[in-house]
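A closer look at the structure
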Protein chains: 2
Amino acid sequence: MDFKHDLFAQFARVGKALSNGNRLELLEFLAQGERSVEQLSTVAGLTVANTSQHLQQLRHAGMVTSRKEGLKVYYSISGDDIITLLNALRAVAERHVTDVQHLVNTYLTVKDSLEPIPRAELLERARAGLVTVLDVRPAEEYASGHVIGAVNVPLKNLEKWIKKLDKNQEIVAYCRGPHCVLAFDAVARLREKGIKARRMQDGYPEWKTAGLPVEVSQSGT
Amino acid sequence: MDFKHDLFAQFARVGKALSNGNRLELLEFLAQGERSVEQLSTVAGLTVANTSQHLQQLRHAGMVTSRKEGLKVYYSISGDDIITLLNALRAVAERHVTDVQHLVNTYLTVKDSLEPIPRAELLERARAGLVTVLDVRPAEEYASGHVIGAVNVPLKNLEKWIKKLDKNQEIVAYCRGPHCVLAFDAVARLREKGIKARRMQDGYPEWKTAGLPVEVSQSGT
DNA sequence: CTAGTAATCAACTAATCTATTGAATAGTTA
DNA sequence: TAACTATTCAATAGATTAGTTGATTACTAG
């Protein structure tokens, strides 16, 4: 039964693509949308050459596609099934790898008070004008796609923004995904100032994948 | 942002567990239920020591648990989320790794005529007595759990069984999972004899995970 | 045509992973 | 207690992988 052996070896190619932390980080970032090699290298903190090599491995595993435009090469996730796979991986890691639980609990602070608000609920409440949706990712990421009606305030501009905010307005913050720390940070800071703030469940990629309404624009801070 | 780095490194531990074909094979087999190290080693065609080591890696990644009973150690999948993860991995590999498509097409023959029958549909038709459900896995695997009402005929007994079969009875065969070749084989042979036969969608682990009715018994061929 | 930029390639070292071997451990049976 | 079995452990050689460096390619702009 050599067929069986070959088949599992092929499945393992996809597994191998997931076996490196840097590649997972690149994938998570790509899950938000198309990115150039340079962008990816700075976010992940890798050299350009190294990033390029990782991206090629991901491409060979069929997980990303690339497109050349002028000097730049843009990579993107090759399908929604990749996001499903990443979520399944995350779920397993969270449930079973005790170190992950430890990390999440240690760094992401006061867990219970930061319970995320489900996507469906948020959409309703935002439509009713009950909450302001806050996108704390950098401006470029916001521009390339965000939750409908969301306001973009990158973390470094948060303090300034808080000042001119109606203290009674409830805020729901989101960023790149369930483990992106930006939204946690923002919520913590807003709460310090006495503002009612919560995190959105997961992040932009999941919102988009769930088929909920998004916008693409250039509007900044 | 060292937290981010650590977190992805932890996720990669799960990815690493999936990065080897032999481990994936062990997992697929474990998805059917509890197995001893020896059983696993023979199915995967590995030495006992090597199997033991792979299993320990899977345990460190939190994907399997073990239980000692007398001389034997029994391993099992640590949760349904592992099956979800395996399915997501398979889906990605099938969709994006062209070699997998090639292998499946080459070995699993006459693709279109072997379209699988969905689980829900099968359950209905089996209940109505319209089809006979055929479990072509070895007797021990059948004994440790099978689709309700299924008849166990290991592949080697198939020819004998065909002889005493009503040619008008429709057969639906299943085995270990979507890529288990046993069911393909059985369907091909049944069709040769002019019997209406199809494969069930996926295999026993998926049936069980879907919450559909199962039986545990000793009844054999 | 030249200079400059984004990405890839090629070569290399250090680190990690795989499978094998033989010994050690834990539990059973006589 | 001694012999036996199932599993694990420890050491090892060979293969694979990760990241660095410097050169090369493909393209743009002057």
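Quick note: structure is the one above.
Residues numbered from 1 in each chain as written. Chains lettered and ligands numbered in written order. Predicted model: local features only at pLDDT ≥ 70, side-chain atom pairs only at ≥ 80, totals over all residues. Heavy atoms only, no water.

**Observations concerning the nonpolar core**
One finds Leu27, Met63 and Leu85 of chain A together with Leu27, Met63 and Leu85 of chain B to be the most contacted residues of the largest nonpolar core, which totals 62 residues. Among residues more than four places away in sequence, those in contact with Leu85 of chain A are Val14, Leu18 and Met63 of chain A together with Leu85, Ala88, Leu89 and Val92 of chain B. (Core = buried A, V, L, I, M, F, W, Y, C linked by side-chain atoms within 4.5 Å. Buried < 20%, exposed > 50% of the residue type's maximum accessible area, 1.4 Å probe, protein only. Contact = heavy atoms within 4.5 Å.)

**A few points about the side chain of Glu25 of chain A**
Along the chain, the position of Glu25 of chain A falls in helix α2 (residues 21-30). Apart from the residues within four sequence positions on either side, Glu25 of chain A is in contact with Val43 and Ala44 of chain A together with Lys4 and Phe8 of chain B. (Helix = DSSP H or I, 4+ residues; strand = E, 2+ residues; numbered from the N terminus.)

**Structural notes on the pairing of strand β2 (residues 64-69) of chain A**
Residues and elements named next belong to chain A. Bridge count for β2 against strand β3 (residues 72-77) is six bridges, and the pairing is antiparallel. Paired with Ser66 across the strands is Tyr75, a residue of β3. Counting the residues between successive antiparallel strands, the hairpin from β2 to β3 contains two residues, one of them, Gly70, with a positive phi of roughly 65°. (Pairing = 2+ DSSP bridges.)

**Overview of the protein's contact with DNA strand D**
Taken together, 25 residues lie around DNA strand D, and Asn22 and His54 of chain A together with Ser52, Gln56 and Tyr75 of chain B are the ones closest in. The sugar-phosphate portion of DNA strand D accounts for 76% of its atoms within 4 Å of the protein, the bases making up the rest. Note that a phosphate oxygen of DNA strand D is positioned 2.9 Å from one of the backbone N or O atoms of Glu38 of chain B. The side chain of Gln56 of chain B places a nitrogen or oxygen atom 2.5 Å from a phosphate oxygen of DNA strand D. Among the elements of the structure, α2 and α4 (48-60) of chain A together with α3 (37-44), α4 (48-60) and β3 (72-77) of chain B are those that each provide at least two residues to the surface near DNA strand D. Taken together, the residues that form the surface near DNA strand D break down as eight nonpolar, 12 polar and five charged. (Near = heavy atom within 4 Å. Polar contact = N/O pair within 3.5 Å; in protein donor to acceptor, adjacent residues only side chain to side chain. Nonpolar A, V, L, I, M, F, W, Y, C, P; charged D, E, K, R; others polar.)

**Details of the protein's contact with DNA strand C**
Contacts to DNA strand C come from 25 residues, most closely from Ser52, Gln56 and Tyr75 of chain A together with Asn22 and His54 of chain B. Sugar and phosphate atoms represent 75% of those atoms of DNA strand C found within 4 Å of the protein. Here a phosphate oxygen of DNA strand C sits 2.5 Å away from a polar atom, N or O, in the side chain of Ser52 of chain A. At the level of elements, α3 (37-44), α4 and β3 of chain A together with α2 (21-30) and α4 of chain B are the ones that each hand at least two residues to the surface near DNA strand C. Taken together, the residues that form the surface near DNA strand C break down as eight nonpolar, 12 polar and five charged.

**Comments concerning the packing of α2 of chain B against helix α5 (residues 80-96) of chain B**
All names here are of chain B. Close contact between α2 and α5 brings their axes to 11 Å; oriented N to C, the two are set at 130°. With respect to α5, the element α2 is oriented oblique. Crossing angle aside, the handedness with which α2 passes α5 is left-handed. Contacts from Leu24, Leu27 and Glu28 in α2 reach Ile82, Leu86, Leu89 and Arg90 in α5. (Axes fitted to C-alpha atoms, helices over the stretch in contact; angles between N-to-C directions. Parallel < 35°, antiparallel > 145°, perpendicular 65-115°, else oblique. Left-handed = near helix turned anticlockwise from the far one by under 90°.)

**Section: α3 of chain A**
Residues and elements named next belong to chain A. Along α3, the residues classified as buried are Val37, Leu40, Ser41 and Ala44. Axial view of α3: buried residues confined to an arc of 100°, hence all on one face. Exposed side chains of α3 directed beyond 90 degrees from the buried face belong to Glu38 and Thr42. Against the buried residues of α3 lie α2, β1 (35-36), α4 and β3. Positioned one or two residues after α3, Gly45 has a phi angle of 70°, which is positive. (Arc of directions from axis to C-beta.)

**Topic: the interface of chain A and chain B**
Every contact between the two is made by 46 residues of chain A and, on the other side, 45 residues of chain B. Together, the buried faces of chain A and chain B total about 4,200 Å²; carbon and sulfur atoms form 75% of this surface. One can count two salt bridges joining chain A with chain B. Its salt-bridge partner being Asp81 of chain B, residue Arg95 of chain A comes within 3.2 Å of it at the nearest N-O pair. Inspection of the region where chain A meets chain B yields three residue pairs in polar contact (both at pLDDT 80 or more). Breaking the side of chain A that touches chain B down by element, the ones donating at least two residues are α1 (2-17), α2, α5 (80-96) and α6 (98-107) of chain A. The greatest single-element share of the side of chain A that touches chain B, amounting to 13 residues, is contributed by α1 of chain A. (Buried area = accessible area lost by both parts, 1.4 Å probe. Salt bridge = Lys/Arg side-chain N within 4 Å of Asp/Glu carboxyl O.)

The quantities given are spatial measurements derived from coordinates; they are silent on function.
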